[in-house]
Amino acid sequence: MTAAAGSCIVLPGLDHLQGVGLIQWKFSEQYLVTYHVNNYSLPDIVDQDRFLFQKSNGSLHICRLEVNDSGIYTLIINMKKQNDRSIQLEVVEPVSQLELWSNLSLIGLTTQLVCNTSVEKVAKYQWKKDGKPLPIESHYQLSQNNSVLLILNTTWSDKGSYSCNVSSEVNWHEVSLELPIQEYRKRIWMLLPVGICMIACAVTGVFVFKPSS
C-alpha cells in the first residue's frame, strides 16, 4: 500500500467480529490500538490525534502521514499469531516545487537543461519539446537519472518550449521553459600597453580606453 505524506489512509479491518474478543494494531514494536470487543470500555489508542479506530470492524484510520510511518502494520486477533494480518505501508513525499533552468544556449555548443525537485524519491522524469516527446536520437542525451537534458551541437531548430514531467508513486508535476537560441561569436581579447593607454581588440571591433585627465 502506497500513500502520500500528509494524507490519510484506512487500514482494513475484519468482515465481522464474531468470535473476536481482542483486537490490536501493532507497528514495529509499538501497539497502536488495543480493544476488548466484549468490554464496553473505549479502545486504548496511542495517539488519538492521528489514529481513528473503528470498533465496528477493527479498521484503523491514520491521518497526517509522515515518511517515517512507512513499515509493516499488523492486525492481531485474540493474541493468536495464526490470525495475524500484516499490511506493508510506504509513505512517499509528493512531487512539488519543480524548477527548470538552462545554461546559455549557443549555436554549435552543448545546451544543458536541468529539472530540479525537492523530493528525494522520484519514479520517473519525462521530457517534451513543444508538447511532444523528445525523439530518441544522439542529438539529445539524458543524465543524472534523466533529470538533466543535454542538447549536443545546438542548432536553430532546437529553439522552442521544453517541459519536464516528474512523477512519484502518488502524483506528478510538470514545468516548462522557453528556450531561445543565440549565435556563438568567439571573441579574443588582447591587452596591449601603449604608454598609459590600454587597447582592447575584439573580432567585432576595436575599443580604445583612455584614463580621464
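Given the structure is predicted, the values throughout are model-derived calculations rather than measurements.

## Some remarks on the overall build of the protein
Here is step 1 of the chain: Looking only at helices and strands, the protein features zero helices and 20 strands.
Here is step 2 of the chain: Per-residue burial for the protein yields a buried fraction of 37% across its 213 residues.
Here is step 3 of the chain: Sequence-distant contacts in the protein: of pairs separated by 6 or more residues, those separated by 24 or more amount to 51%.
Here is step 4 of the chain: Total accessible area on the protein stands at roughly 13500 Å², and carbon and sulfur atoms take up 52% of it.

## Description of the nonpolar core
Here is step 1 of the chain: Ranked by internal contacts, the top residues of the largest apolar core, which has 25 residues, are Trp25 and Leu60.
Here is step 2 of the chain: Residue assignment for this core shows that the elements contributing at least two residues are β2 (9-11), β3 (22-27), β4 (30-36), β6 (51-53), β7 (60-62), β8 (71-77) and β9 (80-92).
Here is step 3 of the chain: Those residues in contact with Leu60 that lie beyond four places of it in its chain are Ile9, Val10, Leu11, Trp25, Leu32, Val33, Phe51, Leu52 and Phe53.
Here is step 4 of the chain: Counting 19 residues, the second-largest nonpolar core is a separate cluster that includes Val122, Leu149, Cys164 and Ile181.

## Overview of the side chain of Thr74
Here is step 1 of the chain: Along the polypeptide, Thr74 turns up in strand β8.
Here is step 2 of the chain: Within the local environment of Thr74, its side chain forms a polar contact with the side chain of Ser86, the two groups lying 3.4 Å apart.
Here is step 3 of the chain: Those residues within four positions of Thr74 in sequence are excluded, and the remaining contacts are Gln24, Trp25, Lys26, Asp84, Arg85 and Ser86.

## Here's the deal with the pattern of salt bridges
Here is step 1 of the chain: Overall, the coordinates contain three salt bridges when judged by the stated rule.
Here is step 2 of the chain: Taking the shortest distance from any N to any O, the salt bridge between Glu29 and Lys26 comes out at 3.9 Å.
Here is step 3 of the chain: A residue is classified by how much of its surface remains accessible, and Glu29, at 71% relative accessible area, is exposed.
Here is step 4 of the chain: A salt bridge links Asp69 to Arg50; its shortest N-O distance comes to 2.4 Å. Here the residue Asp69 occupies a position in the loop between β7 and β8, and Arg50 occupies one in the loop between β5 (44-45) and β6, the gap between them amounting to 19 residues.

## Some details on the environment of Tyr31
Here is step 1 of the chain: Secondary-structure assignment places Tyr31 in strand β4.
Here is step 2 of the chain: Sequence spacing of Tyr31 and Thr74 is 43 residues, and the spatial spacing of their C-alpha atoms is 9.4 Å.
Here is step 3 of the chain: When neighbours within four sequence positions are excluded, Tyr31 is seen to be in contact with Gln24, Trp25, Lys26, Val46 and Ile76.

## Quick word on the sheet that holds strand β17 (residues 172-179)
Here is step 1 of the chain: Taken in spatial order, the four strands of this open sheet run β13-β12-β16-β17, and their pairing is antiparallel. With one partner strand each, in any of the chains shown, β13 (132-133) and β17 form the two edges of the open sheet.

## Considering the pairing of strand β16 (residues 160-167)
For a regular strand, the rule is simple: side chains alternate between the two faces of the sheet.
Here is step 1 of the chain: Among the eight residues of β16, seven are classified as buried, and the element is accordingly described as predominantly covered.
Here is step 2 of the chain: Direction of pairing for strand β12 (residues 124-129) relative to β16: antiparallel, over a ladder of six bridges. Note on β16: the bridge partner recorded for Tyr125 is Val166.
Here is step 3 of the chain: In terms of strand pairing, β16 meets β17 through eight bridges, oriented antiparallel. In the strand pairing of β17, Ser167 is matched with Trp172.
Here is step 4 of the chain: Counting the residues in the hairpin turn of β16 and β17 gives four residues.

## Quick look at unusual backbone geometry
Here is step 1 of the chain: Even without glycine at this site, Arg64 takes up a positive phi of about 50°.
Here is step 2 of the chain: Relative to the elements of secondary structure, Arg64 occurs in the loop between β7 and β8.
Here is step 3 of the chain: When its relative accessible area of 47% is taken as the criterion, Arg64 is described as partly exposed.
Here is step 4 of the chain: Phi at Gln144 is positive, roughly 50°, even though this residue is not glycine.
Here is step 5 of the chain: Mapping Gln144 onto the fold places it in the loop between β14 (140-143) and β15 (148-151).
Here is step 6 of the chain: When its relative accessible area of 61% is taken as the criterion, Gln144 is described as exposed.

## Observations regarding the packing of aromatic side chains
Here is step 1 of the chain: Going through the model one piece at a time under the given rule, you end up with two aromatic pairs.
Here is step 2 of the chain: Between the aromatic rings of Phe27 and Tyr73, the centroid separation amounts to 4.4 Å while the plane-to-plane angle is 20°, which identifies the pairing as stacked. Here Tyr73 lies in strand β8 and Phe27 lies in strand β3, a separation of 46 residues in the sequence.

Conventions used here
- Residues numbered from 1 in each chain as written.
- Predicted model: local features only at pLDDT ≥ 70, side-chain atom pairs only at ≥ 80, totals over all residues.
- Heavy atoms only, no water.
- Helix = DSSP H or I, 4+ residues; strand = E, 2+ residues; numbered from the N terminus.
- Buried < 20%, exposed > 50% of the residue type's maximum accessible area, 1.4 Å probe, protein only.
- Contact = heavy atoms within 4.5 Å.
- Areas by Shrake-Rupley, 256 points an atom, 1.4 Å probe, with all protein chains shown as cover.
- Core = buried A, V, L, I, M, F, W, Y, C linked by side-chain atoms within 4.5 Å.
- Polar contact = N/O pair within 3.5 Å; in protein donor to acceptor, adjacent residues only side chain to side chain.
- Salt bridge = Lys/Arg side-chain N within 4 Å of Asp/Glu carboxyl O.
- Pairing = 2+ DSSP bridges.
- Phe/Tyr/Trp six-rings, centres within 6.5 Å; stacked < 30°, edge-to-face > 60°.

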